[in-house]
Amino acid sequence: MTKMMKTTKTSSVLLALSALAALARSDPPRCEPGDELLAKCTDIVLGYCDDMSYSKTVLPNLLDQRSREEVEMGTEYLLLSVLHSLLNGECSPDLRMLGCSVVVPRCERDRPVKPCRTTCEDVRRSCAHAFEGISMAWPYFLDCDRFFVSDEEGCYDPLEGLRARQEVALASISPEEPSTIIQFIYHSNAQMINMLKKTAAQCSHISQTYSIGRSFEGKDLLVIEFSDNPGQHDLLEPEVKYVANMHGNEVLGRQLLIYLAQYLCSEYQLGNERIQSLINSTRIHILTSMNPDGYELAAAEVEDSNDPDSEQGPTFNGWTSGRANAQNIDLNRNFPDLTSIVYSRRRSRRYRSDHIPIPDSYWFGKVAPETYAVMKWIRSIPFVISASLHGGELVVSYPFDLSKHPQEEKMFSPTPDEQVFKLLARTYADAHASMADNDTDRCGAFFSSKGGIINGAQWYSFPGGMSDFNYLHTNCFEITVELGCDKFPAEEELYIEWQRNKESLLSFMESVHRGIKGIVKDKHGKGIKGARVSVRGIWHDITAAEDGDYWRLLAPGIHIVSAHAPGYRRLTKKVRLPARMQQAGRVDFVLEEELQEPGMEDFGPQMMDTYERFDPYNQFERYTLTELGQNGEERHEKPWWWSYFIQAGNAAPTWLLRNE
């Protein structure tokens, strides 16, 4: 079904591109055979280049194309004619006009004048991400070193006319206070990737994108990161993540996170002190879509619902179509069930509820590539808090999601950190426009008496959830945010939903700066990786990161906190956290070495070895490998636009394929 929808959608785009190309080739009449142009200045008669700041060109052009017919039939001009549609209007008309400066160069004294290299470099910096978004290489004829020259060599700016028109248009607009401009529309998978890369490029000093893996159908699971030092973990700087679209048909969260990325970038540049403080003190990771394959199916169904005779769409079976990934796996039931392990051991003297190893038996089941990628991601970065955005209700739920009694579907099943989880859930719900209201007529009325938050298992019980896995396998505290009853709201509702959720999204990230933080180190000042930080009365420890830094979320009050590690003496401190404390308290530990008595440490090398085992039998290593063909060569599936250029009758433009 997914393949069918994808094919239909691609065919419609290709049909539109074919129509555009036909116009390009039929406008205006071509020269008669044998009627070659001489090397002299002539009028520009190519329809897609007739708005340049000059009116005269010359043949042969900079690509050594010697006739108008050769130019029109070339893949280069064909690409220029369809760029706007291919890139969904991105960098238009800048890219087209830059290409025209090569295909129909400016002519002076019967000789071509080359365009300026600086203009080319500016456009490439701003627009390279647009080509990456559709898996297309930067066109060879826009090579800034090959076809463009420096100011000293006598160049011209091919975009000077465009800039002059833009300045006139801007001058007619009354000046206002600069503000963030966001287009509140739905984004396809390609548009989403494009937007994230564009945003990161605009704020490259505080942002970058990186991939954590691929979906079952090969789509990038792309994360955008914000930090004053992107790509690096800074000592004592907490890490936060947002994950959306885990269920492909629950799409509001996906859109909100795309808008959030744009908002963070723009507001930081505009000097918003709150946003600058947040990004300068926090490392933020945003995975806008964990299930892009499911989204494609759900989006195709919504498109079908626009047919007045259709009985499909979000009002009908949209509640389930696209929920699972392309393997029909519900990703929020696909994580290791560590909660059952904790319940089975809770009467043991050495019972613990943190850093539970993944059982080897898990790897013999069906593990989705999306789940695999997220687990590796969670293990690789010391996340402190996280929120997973869903749809279908209006409430925030928190662990445990699995009932402590197997026969009870709605049983309150708290973690040892019940107080902290309630604070996190309350932070999001209270900042939301209506989530915490006691209005019984609203969406989520069942939770109105609970202030818009609930323990997950008390709502309904299920195993293998992502939030329980975060808490039991790592240091990360994750909540689940149900954003509303409509899983795929109408596009006109997106701006309203952004306004309802914006403050919650910001407040939740800021809430990572509560509790205590510090460094666990030895007497020489070296951080102790993996040192455990314990709080009396809370049977859940957290561990220090690579350089010994740690973050321990705590509710206000007096806490007895200790740090310990194999080969070191335990150190205990008394900590008082005021109710209105705005930042995490700094509590460092300097541990003294001591001889370790056998069997005394509950988290010794043997337990660590078990914890470090991930995919021990390499069952799913293929998810991180490039697929190979029969002869061992890399097999690359051609992008969706490739068949169009082949059908157009030109030589295969291999220069448009990316080398990955």
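What counts, and at which threshold
Residues numbered from 1 in each chain as written. Predicted model: local features only at pLDDT ≥ 70, side-chain atom pairs only at ≥ 80, totals over all residues. Heavy atoms only, no water. UniProt positions renumbered as here; feature names shortened; annotations may be inferred. Helix = DSSP H or I, 4+ residues; strand = E, 2+ residues; numbered from the N terminus. Contact = heavy atoms within 4.5 Å. Axes fitted to C-alpha atoms, helices over the stretch in contact; angles between N-to-C directions. Parallel < 35°, antiparallel > 145°, perpendicular 65-115°, else oblique. Left-handed = near helix turned anticlockwise from the far one by under 90°. Disulfide = S-S within 2.5 Å. Buried < 20%, exposed > 50% of the residue type's maximum accessible area, 1.4 Å probe, protein only. Pairing = 2+ DSSP bridges.

Per an unreviewed UniProt entry, the recorded name for the protein chain is Carboxypeptidase Z, and the organism is Scleropages formosus. UniProt lists a comment for the protein chain under the heading Cofactor (unreviewed entry), and it reads "Zn(2+)".

Trainee: Provide a residue-level description of the side chain of Q262, including the pertinent values.
Mentor: Within the secondary structure, Q262 is located in helix α8 (residues 252-269). In this structure Q262 touches I182, M195 and T199, once residues within four positions along its chain are discounted.

Trainee: So what about the packing of α8 against helix α9 (residues 273-281)? Which residues, and what values?
Mentor: At their nearest, the axes of α8 and α9 sit 8 Å apart, and the two run at 110 degrees to each other. Taken as axis vectors, α8 and α9 run roughly perpendicular relative to one another. Relative to α9, the crossing made by α8 is left-handed. Of the residues in α9, those touching α8 at Y263, L264, E267 and Y268 are I275, Q276, L278, I279 and N280.

Trainee: I'd love a proper account of the state of the cysteines, names of residues and values included.
Mentor: Enumeration over the complete set of coordinates arrives at seven disulfides. Here C116 is linked by a disulfide to C155, with a sulfur-sulfur distance of 2.0 Å. Where C116 bonds to C155 through sulfur, the torsion about that S-S bond is close to 90 degrees, and the disulfide is right-handed. Taken together, the residues C116 in the loop between β4 (111-113) and α5 (117-133) and C155 in the loop between α5 and α6 (160-171) connect sequence positions 39 residues apart. Using a relative accessible area of 7% as the deciding quantity, one classes C116 as buried. Each sulfur of the disulfide joining C120 and C144 lies 2.1 Å from the other. On the S-S bond that ties C120 to C144, the torsion sits near -75 degrees, and the link is left-handed. Of this pair, C120 sits in helix α5 while C144 is found in the loop between α5 and α6, placing the two residues 24 residues apart along the sequence. One exposure class covers both C120 and C144, and it is buried.

Trainee: Hey, could you go over the pairing of strand β14 (residues 532-535) for me, with residue numbers and the actual values?
Mentor: Working note: regular strand, side chains alternate between the two faces of the sheet. Neither face of β14 is open: one carries R532 and S534, the other V533 and V535, and all of them are buried. Sheet topology places β14 next to strand β15 (residues 538-543); three bridges connect them, and they run antiparallel. Its bridge partner lying in β15, R532 is registered against T543. As consecutive antiparallel partners, β14 and β15 are separated by two residues, and within that stretch G537 has a phi angle of approximately 90 degrees, a positive value. Relative to strand β17 (residues 557-564), β14 is paired through four bridges, and the arrangement is antiparallel. If you follow V535 over to β17, its bridge partner there is V561.

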